[in-house]
Amino acid sequence: MAEHGTDEPSSSTGSPDGEGRDSGDRLLLHQRLAVRELIDTEASYLHMLQLCASDIRSRLQQLPQGDLDVLFSNIDDVIEVNSKFLHDLQETASREDEQVHSIGNLFLEFQEELERVYKVYCASYDQALLLVETYRKEPELQREIQGIIEAVVPQAGPSGLSFLLVIPLQRITKYPLLLQKILENTDPDASAYPVLQRAASALQDVNANINEYKRRKEVASKYTKVGQLTLRERLARINTHTLSKKTTRLSQLLKQEAGLVPRTEDKEFDYLEERLHWVSLCVTETKNNVAVYLANLEAFLRFRPQESELDIPGGPVVQYCSLMGDLQLQAFPDFKQRLEGLVWQPLCSLAKALSGPQNLVKKRLDKLLDFERVEEKLLEVGSVTYEEQEARHTYQALNSLLVAELPQLNQLAMRWLGQILHTFVDLQRDLAKQVLQRAEGSLAQLPHHHLSEPAFRKLVEDVLGQTGHQLRSFQENFEKVLPPPTVQPLLPGAERQVQALLSRYGPEKLYQVTSNISGVGTLDLTLLRGQIVALLQNKDTKGNSSRWLVDTGGHRGYVPAGKLELYRVIPGQEEVKEQVQPPKDSHHLTPEPSPAPVPSVPTVTQVVAVYPFVARSSHEVSLQAGQLVTVLEAQDKKGNPEWSLVEVNGQRGYVPSSFLARAPSPAPWGWSLPS
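Residues numbered from 1 in each chain as written. Predicted model: local features only at pLDDT ≥ 70, side-chain atom pairs only at ≥ 80, totals over all residues. Heavy atoms only, no water.

## A few points about the environment of Q627
In step 1: Within the secondary structure, Q627 is located in the loop between strand 6 (605-609) and strand 7 (628-633).
In step 2: By relative accessible area, which is 17% here, Q627 ends up buried.
In step 3: Between the C-alpha atoms of Q627 and V608, which are 19 residues apart in sequence, the distance is 5.7 Å.
In step 4: Excluding residues that lie within four positions of it along the chain, Q627 makes contacts with V607, V608, A609, S622, V648 and N649.
In step 5: Among the polar contacts made by the side chain of Q627, one reaches the main-chain amide nitrogen of Q624 at a distance of 3.0 Å. (Helix = DSSP H or I, 4+ residues; strand = E, 2+ residues; numbered from the N terminus. Buried < 20%, exposed > 50% of the residue type's maximum accessible area, 1.4 Å probe, protein only. Contact = heavy atoms within 4.5 Å. Polar contact = N/O pair within 3.5 Å; in protein donor to acceptor, adjacent residues only side chain to side chain.)

Encoded structure:
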């Protein structure tokens, strides 16, 4: 009986409780196997990534760096994230009772980081495959690449690069499957079950978001390429379908402008678009300024006064020529080269990088018009065609991509521009330092090197003051030799206009245009040389004193202040007026040209042309400075003494009286400085 009693416990293995324990043990065993598969495959996957990044990429030096960047994309970021993930995954083995629970939480913790790095890699995968296809068309290059890959990863086989590049895509899509396998072998009543459910769902969302991001990138890439097409390629794309779409968009836009349909407002996007506009404007202005700076620097390098004969023996001139020769040969060319490489080229790259997003912003407006039209139809009819639904999805993808990435783009572009400006300042500082270092030896040889800086400044000011006084004295003596320069003669037929301006504004407000002016802005005027205007304000609305507001008698607008000269009767004209006896009430008016001017004063006077004059019509005659001129009439047909009828080399015509002077006799006409 004792033996029979000892056999009773063995018969209990067939009971329901025993079967339940066996089932639980099998479930736990399969769960541990699934966990082991996750950890082991993660380790081998990370090892393969490291081989790609270190061994294979470093050996493919025959490929351009741009190709390597496309092929391996952000694989370094993927390795960094998966290394942390594997480390934490292996750490869960120490908590055997809560390992599954910890794995679920770990996936939830790494959800955002995995999505961030894998969406970038997956978005560039198609472009990498295109490169692989181009390599296959070059047998020699393909053999080199295949040999490198087989030496490092023999299991890659004939697939080569394609086998390696697809591994990250396969891994991110396998995470939900591995989690689902662990979940299937977890007791629904266990505390880890809901955590694993959330983790599996989160990884499915990660894959869905990656696919959506990839689709948005494809849309963006499509329209960015369109923005880079030539005019001929754009014309080749025009067909009845594109014309129909553009007509529909124009109709939608006109209805919005007329207030017939509401306009879709997106304040978030409008703010980002405005920021992008200002960033692009800053980059464009900086690029233009640097281009002008480089042009001025180029002109400066071409100007080499030290190579000229200065006729000043010895002294500081020798040190100056030596120093400038040294700077022109090395310091300034080095500065120019560094400026082009560290400032100009990055600026051009930044401007080019911003052109793509700007094209997308413009394309978004077109897609927004399509979206609004489809929404209207959806409300009216309740259904849309497949093509219309695609247009709707295209706008949503494009808008979501811009809203998500424009903040980062604006921030990155401003940081990039700030770094460029900082580099520009550093280059200027380095140049100044080099010049000072090279000048130290020459400065020590100058006669005034022992003076302190304040004393040297005082010396320079005194010397400049004395030199300025000498120049002014010379100018005053020189002006006594010749009559003072006059303003340009009036344009024919401008008497009434000048009289109207004179009576309205007074003589102190009248100015004459010294050279032709071509207006470029909306409020700028286009004026001819010699035209009279009245000054209204000596600055523009922004306080810029180089642009004056004037009145021509018919139009008002802005002109450059440097091309205006106060209009007045020059006292130096009295000598000519005495010989031609002008009337007392003469005003500085242009003669009205007559078809055939006839001399009315029998007295013929021989004078000399003081300034050259170019005839502007058949009623005028050209002069050269110093040319002998015969005055036939000292006024025009209306009695205006400002114009004289003369004969030069057998030709008759009008010239400005102020351009003539009495010929001295018997000494030849010329210049002589007063004693």
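After that view, the rundown keeps rolling.
## Remarks on unusual backbone geometry
In step 1: In this model, S73 sits at a positive phi of 45 degrees, which is unusual for a non-glycine residue.
In step 2: Structurally, the position occupied by S73 is in the loop between helix 3 (65-72) and helix 4 (75-91).
In step 3: Located in the positive-phi region is N649, a residue other than glycine, with phi close to 50 degrees.
In step 4: Its place among the elements puts N649 in the loop between strand 8 (643-648) and strand 9 (651-656).

## Focus on the sheet that holds strand 1 (residues 510-513)
In step 1: Taken in spatial order, the five strands of this open sheet run 4-3-2-1-5, and their pairing is antiparallel. Here the strands that pair on one side only, and so sit at the sheet edges, are strand 4 (556-560) and strand 5 (564-566). Pairs of neighbouring strands in the sheet enclose a mean axial angle of 50 degrees, with direction left out of account.
In step 2: Here three bridges tie strand 1 to strand 5, and the two strands are oriented antiparallel to one another. Across the sheet, the residue bridging to V513 is L564, located in strand 5. (Pairing = 2+ DSSP bridges. Axes fitted to C-alpha atoms, helices over the stretch in contact; angles between N-to-C directions.)

## What about the nonpolar core?
In step 1: Judged by nonpolar contacts, the single largest core of 66 residues is most densely connected at I56, L71 and F107.
In step 2: For this core, the element with the most residues is helix 2 (residues 16-59), which contributes 12 residues.
In step 3: Counting 36 residues, the second largest nonpolar core, distinct from the first, contains L276, L297, L327 and L339. (Core = buried A, V, L, I, M, F, W, Y, C linked by side-chain atoms within 4.5 Å.)

## A look at the packing of aromatic side chains
In step 1: The tally for this structure, following the rule as stated, stands at 12 aromatic pairs.
In step 2: Geometrically, the ring pair formed by Y293 and F424 is edge-to-face, given 5.3 Å between the ring centres and 80 degrees between the ring planes. With Y293 in helix 14 (residues 267-302) and F424 in helix 16 (residues 386-444), this pair connects stretches of sequence that are 131 residues apart.
In step 3: Accessibility expressed as a relative area gives 28% for Y293, which makes it partly exposed. (Phe/Tyr/Trp six-rings, centres within 6.5 Å; stacked < 30°, edge-to-face > 60°.)

## Concerning the pairing of strand 3 (residues 547-551)
In step 1: Across the five residues that make up strand 3, a large majority, four, are buried.
In step 2: Judged from the three bridges that link them, strand 2 (residues 532-537) and strand 3 form a sheet pairing that is antiparallel. Bridge pairing in strand 3 links L535 to V550.
In step 3: Alignment of strand 3 against strand 4, held across five bridges, turns out to be antiparallel. What sits directly across from R547, in strand 4, is P560.
In step 4: Hairpin connection from strand 3 to strand 4: four residues lie between these consecutive antiparallel strands, with G553 at a positive phi of about 100 degrees.

## A closer look at a negative patch on the surface
In step 1: On the surface, a cluster of negative charge is contributed by E265, D270, E273 and E274.
In step 2: Relative to the elements of secondary structure, D270 occurs in helix 14.
In step 3: By relative accessible area, which is 41% here, D270 ends up partly exposed. (Patch = residues over 30% accessible without salt bridge, like charges linked within 9 Å, V, L, I, M, F, W, Y side chains within 5 Å. Areas by Shrake-Rupley, 256 points an atom, 1.4 Å probe, with all protein chains shown as cover. Salt bridge = Lys/Arg side-chain N within 4 Å of Asp/Glu carboxyl O. Lys, Arg positive; Asp, Glu negative; His and termini not counted. Charge placed at Lys NZ, Arg CZ, Asp CG, Glu CD.)

## Quick look at the pattern of salt bridges
In step 1: Applying the stated criterion across every chain yields a total of 25 salt bridges.
In step 2: For R36, the salt bridge goes to D40, with nearest N and O atoms at 3.3 Å. With a gap of four residues between them, R36 and D40 both fall in helix 2, about one helical turn apart.
In step 3: The class of R36 is partly exposed, set by a relative accessible area of 42%.

## Concerning the environment of G356
In step 1: Its place among the elements puts G356 in helix 15 (residues 316-380).
In step 2: As for G356 and S221, which are separated by 135 residues in sequence, their C-alpha atoms are 8.8 Å apart.

## Re helix 4
In step 1: A rise of 1.5 Å per residue sets the reference length of helix 4, with its 17 residues, at 24 Å; its end C-alpha atoms lie 24 Å apart and thus fit the reference within 8%.
In step 2: Taken together, the buried positions of helix 4 are I75, V78, I79, V81, N82, F85, L86 and L89. (Expected span 1.5 Å × (residues − 1).)

## Some points on the sheet that holds strand 6
Hydrogen bonds along the backbone pair up the strands of a sheet, which may run parallel or antiparallel.
In step 1: Taking strand neighbours across the sheet as the criterion, the five strands line up as 9-8-7-6-10 in an open arrangement whose pairing is antiparallel. The sheet terminates laterally at strand 9 and strand 10 (660-662), the two strands that pair on one side only. Between one strand and the next, the sheet's axes are offset by a mean angle of 50 degrees, whatever the strand orientation.
In step 2: By the bridge criterion, three bridges tie strand 7 to strand 8 in an arrangement that is antiparallel.

## Observations regarding the packing of helix 6 (residues 111-123) against helix 10 (residues 167-184)
In step 1: Close contact between helix 6 and helix 10 brings their axes to 10 Å; oriented N to C, the two are set at 140 degrees. It follows from the interaxial angle that helix 6 and helix 10 lie oblique. Crossing hand, helix 6 versus helix 10: left-handed. Residues L114, Y118, Y121 and C122 of helix 6 form the contact with helix 10, whose participating residues are P168, L169 and I172. (Parallel < 35°, antiparallel > 145°, perpendicular 65-115°, else oblique. Left-handed = near helix turned anticlockwise from the far one by under 90°.)

## With respect to the pairing of strand 7
In step 1: Within strand 7, five of the six residues are buried, leaving the element largely enclosed by the surrounding structure.
In step 2: Taken together, the four bridges between strand 6 and strand 7 define a ladder with antiparallel strand orientation. Along strand 7, the bridge assignment pairs V608 with L628.

## A look at the environment of F613
In step 1: Within the secondary structure layout, F613 lies in the loop between strand 6 and strand 7.
In step 2: On the basis of relative accessible area, F613 is assigned to the buried category, the value being 5%.
In step 3: Spatially, the C-alpha atom of F613 lies 7.6 Å from that of V655, the residues being 42 residues apart in sequence.

## Some details on the confidence of the model for the protein chain
In step 1: With 82% of its residues at a pLDDT of 70 or more, the protein chain has an overall mean of 80.
In step 2: Confidence drops under pLDDT 50 across residues 569-603; counting only partners more than four residues distant or on other chains, this segment forms 80 contacts. (pLDDT = per-residue confidence, 0-100.)

## Considerations on the side chain of T630
In step 1: Inspection of the secondary structure puts T630 in strand 7.
In step 2: In terms of polar contacts, T630 uses its side chain to reach the side chain of Q606, at 3.3 Å.

## Section: the packing of helix 14 against helix 16
In step 1: Direction vectors running N to C along helix 14 and helix 16 enclose 25 degrees, while the axes themselves pass 9 Å from each other. Between helix 14 and helix 16, the crossing angle belongs to the class labelled roughly parallel. The chirality of how helix 14 crosses helix 16 is left-handed.
In step 2: For the contact of helix 14 with helix 16, the per-class residue count stands at 17 nonpolar, four polar and two charged. (Nonpolar A, V, L, I, M, F, W, Y, C, P; charged D, E, K, R; others polar.)

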